[in-house]
Amino acid sequence: MTLLRSGQAYVLLVASVAALGGLLFGYDTGVISGAILFITKDFALAAREQAFTISVVLIGCIAGSAVAGTVADRIGRRLTLLVAGVVFFAGALVSAFTPNEDVLLFGRFVVGIGIGFSSVVAPLYISEVAPANVRGALVSLYQFAITVGILAAYVVDYVLAGGAQWRWMLGLAVIPSLVLIVGMLGMPESPRYLFKISRDARARDELQRIYRDPPEAAREEQSILESLRTKSQGFEAFRQPALRTALMIGITLAVLQQITGINTVIYYGPQIFQMAGISSASASILAQTFVGAVNAGMTLIAIFFVDRVGRKPLLYAGLTGMFVALAAMAYAFSQPHLSSSLGAIALVSMMVFVGCFAFSLGPIVWLLISEIFPLRVRGLGMSLSTLSNWVGNFFVSQFFLTMVARLGHSATFGIYAVLCIVTMLFVRAMVPETKQELLEQIRVSAA
Ligand code: BGC
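Residues numbered from 1 in each chain as written. Predicted model: local features only at pLDDT ≥ 70, side-chain atom pairs only at ≥ 80, totals over all residues. Heavy atoms only, no water.

## Quick look at the overall build of the chain
Helix and strand counts for the chain come out as 21 helices and zero strands. Computed over C-alpha atoms, the radius of gyration of the chain comes to 21 Å, within 12% of the 22 Å expected from 2.2 N^0.38 for 447 residues, which places it in the range of a compact globule. Considered along the principal axes of its C-alpha atoms, the chain spans approximately 65 × 50 × 40 Å. Within the chain, the proportion of its 447 residues that are buried is 58%. Look at the contacts in the chain between residues 6 or more apart in sequence, and 83% of them connect residues 24 or more apart. Total accessible area on the chain is roughly 16,900 Å²; 68% of this is exposed by carbon and sulfur atoms. Of note, the chain has its 30 positive side-chain charges centred 4 Å away from the centre of its 23 negative side-chain charges. (Helix = DSSP H or I, 4+ residues; strand = E, 2+ residues; numbered from the N terminus. Rg over C-alpha atoms; globule rule 2.2 N^0.38 Å. Buried < 20%, exposed > 50% of the residue type's maximum accessible area, 1.4 Å probe, protein only. Contact = heavy atoms within 4.5 Å. Areas by Shrake-Rupley, 256 points an atom, 1.4 Å probe, with all protein chains shown as cover. Lys, Arg positive; Asp, Glu negative; His and termini not counted. Charge placed at Lys NZ, Arg CZ, Asp CG, Glu CD.)

Right under this line is the structure:
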């Protein structure tokens, strides 16, 4: 693997510690699906309270991601990730020891802020410490950590369900939070951020540690300093046509990642399997665990290929597979005579759908939004894009069941299928290929 060949164990370590932010993102969004059954019972929740207990975390994510970029520009990438770790830790403890529903809602909101922070800053930090030739693999590692977190949550829920131990389900997140905190204490600041705040000597040292090759480090330094020469910062900067286009691409990609429907499967998988006729609850939870494993396993494809094949080819391949799987679901749900094989078709289609997302739209959206903004507005651009991702997530997960009830299964999956085509056209028309480019040399041309 290129990573090992180039001997960059150091950047691999830095990226792996930061990727723990992704692991917590995945775990904390996934864990509630199993825990909610028992919380509902213990606190005698009505349907609306139950729905809010699930979605309050997303409101925290929206709030956290809205401010994370500005915080990361003020106090640095490293410290922001450290703060995210502390927030995750506190949120998990409050949720686990809550005496009542209100405190639980508060705890889950706090957890959401942690997710919002890390979803902006972890990919940002990783892309800023990564050398160009392995940047795609290292940011994909972050997505891999998200998927492992989701899978771990499914398994923990499954194992602890017997004893109805929802407090443990929510509380176990303290372990990766602590590792993130301790790990980040030993991690360096991003050299790009150091140049941005004029700590040039430290930044240079850091670049040497990353590249181990003086001419390459010097080339990188040159391009970073050049990109910092333009003065305009903050919202003002987005008046420039090229930056406006970059922001439009970032926000649109982030929203498309959500409105093509991934979280209907990640959050509602067991319900979808039951709709398709897999009637036993434990069989559908088991099926969901398979989906989680496929999600994690297929992300490895992105790690291996994203820097060789490029971002756009992987996106086309993945989106085609997602389209086919969703179209199959739409067709199967519309055919009454398929009802006996519907369960099997749903299972296979869901696996294909999630598997194709896992090596394309999943990692590559995070990667692209960490690449397309110049350094002086990177924090803000990523914040705005990530915020849009969470708003899209909130709407899809809020309205999925309503859509199924109002429009029917077939039309719902059909809409997601059409949105995959829209995404493909958008990628073709607007998205630059960023493979192997130095971060500062990536340019988006004005639309
Ligand atoms: C998305 C999440 C999703 C996860 C599934 C991430 O890239 O942003 O919304 O739950 O992938 O693996």
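There is more to say after this.
## Digging into helix 3 (residues 32-42)
Spacing of three or four residues puts side chains on the same side of an α-helix, whose turn is 3.6 residues. Of the positions making up helix 3, those classed as buried are I32, G34, A35, I36, F38, I39 and T40. Here the buried face of helix 3 lies against helix 2 (9-30), helix 4 (47-75), helix 6 (101-129), helix 7 (135-161) and helix 8 (166-171). Of the residues flanking the end of helix 3, it is A44, one or two places downstream, whose phi is positive at about 45°.

## Overview of the site of the ligand
Lining the immediate surroundings of the ligand are 13 residues, of which Q143, Q257, Q258, N263 and W366 lie closest. Q143 places a side-chain nitrogen or oxygen 2.7 Å from an oxygen atom of the ligand. In this structure, an oxygen atom belonging to the ligand sits 2.6 Å away from a side-chain N or O atom of N263. Relative to its unbound accessible surface of 310 Å², the ligand loses 100% to contact with the protein. Where the shell around the ligand is concerned, the elements lending two or more residues are helix 7, helix 14 (241-259), helix 19 (361-371) and helix 20 (375-407). The greatest single-element share of the shell around the ligand, amounting to three residues, is contributed by helix 7. (Near = heavy atom within 4 Å. Polar contact = N/O pair within 3.5 Å; in protein donor to acceptor, adjacent residues only side chain to side chain.)

## Comments concerning the packing of helix 17 (residues 311-334) against helix 18 (residues 342-358)
Closest axis-to-axis distance for the helix 17/helix 18 pair is 8 Å, and the angle between their directions is 160°. If you check the angle between helix 17 and helix 18, you find them roughly antiparallel. Here helix 17 and helix 18 pass one another in a crossing that is left-handed. Facing helix 17, whose interface residues are G318, G321, M322, A325, L326, A328, M329, A332 and F333, helix 18 presents L342, I345, A346, S349, M350, V352, F353, C356 and F357. The residue makeup of the contact of helix 17 with helix 18, split by class, is 15 nonpolar, three polar and no charged. (Axes fitted to C-alpha atoms, helices over the stretch in contact; angles between N-to-C directions. Parallel < 35°, antiparallel > 145°, perpendicular 65-115°, else oblique. Left-handed = near helix turned anticlockwise from the far one by under 90°. Nonpolar A, V, L, I, M, F, W, Y, C, P; charged D, E, K, R; others polar.)

## Points about the side chain of N263
Tracing the backbone through its elements, the reader meets N263 in helix 15 (residues 262-275). When sequence neighbours within four positions are dropped, the list of residues in contact with N263 reads Q258, Y268 and N393.

## Observations concerning the packing of aromatic side chains
Applying the stated criterion to the full structure yields 10 aromatic pairs. Judged by centre distance (6.1 Å) and plane angle (85°), the rings of Y142 and W366 are edge-to-face. Here Y142, found in helix 7, pairs with W366, found in helix 19; they are 224 residues apart in sequence, far enough to count as distant. When the centroid spacing of 5.8 Å and the interplanar angle of 15° are considered together, the rings of F333 and F413 count as stacked. Of this pair, F333 sits in helix 17 while F413 sits in helix 21 (residues 409-430), placing them 80 residues apart in sequence. F413 matches F333 in its accessibility class, with the two residues each being buried. A connected cluster of aromatic rings, assembled from ring pairs, spans F25, Y142, W366 and W390. (Phe/Tyr/Trp six-rings, centres within 6.5 Å; stacked < 30°, edge-to-face > 60°.)

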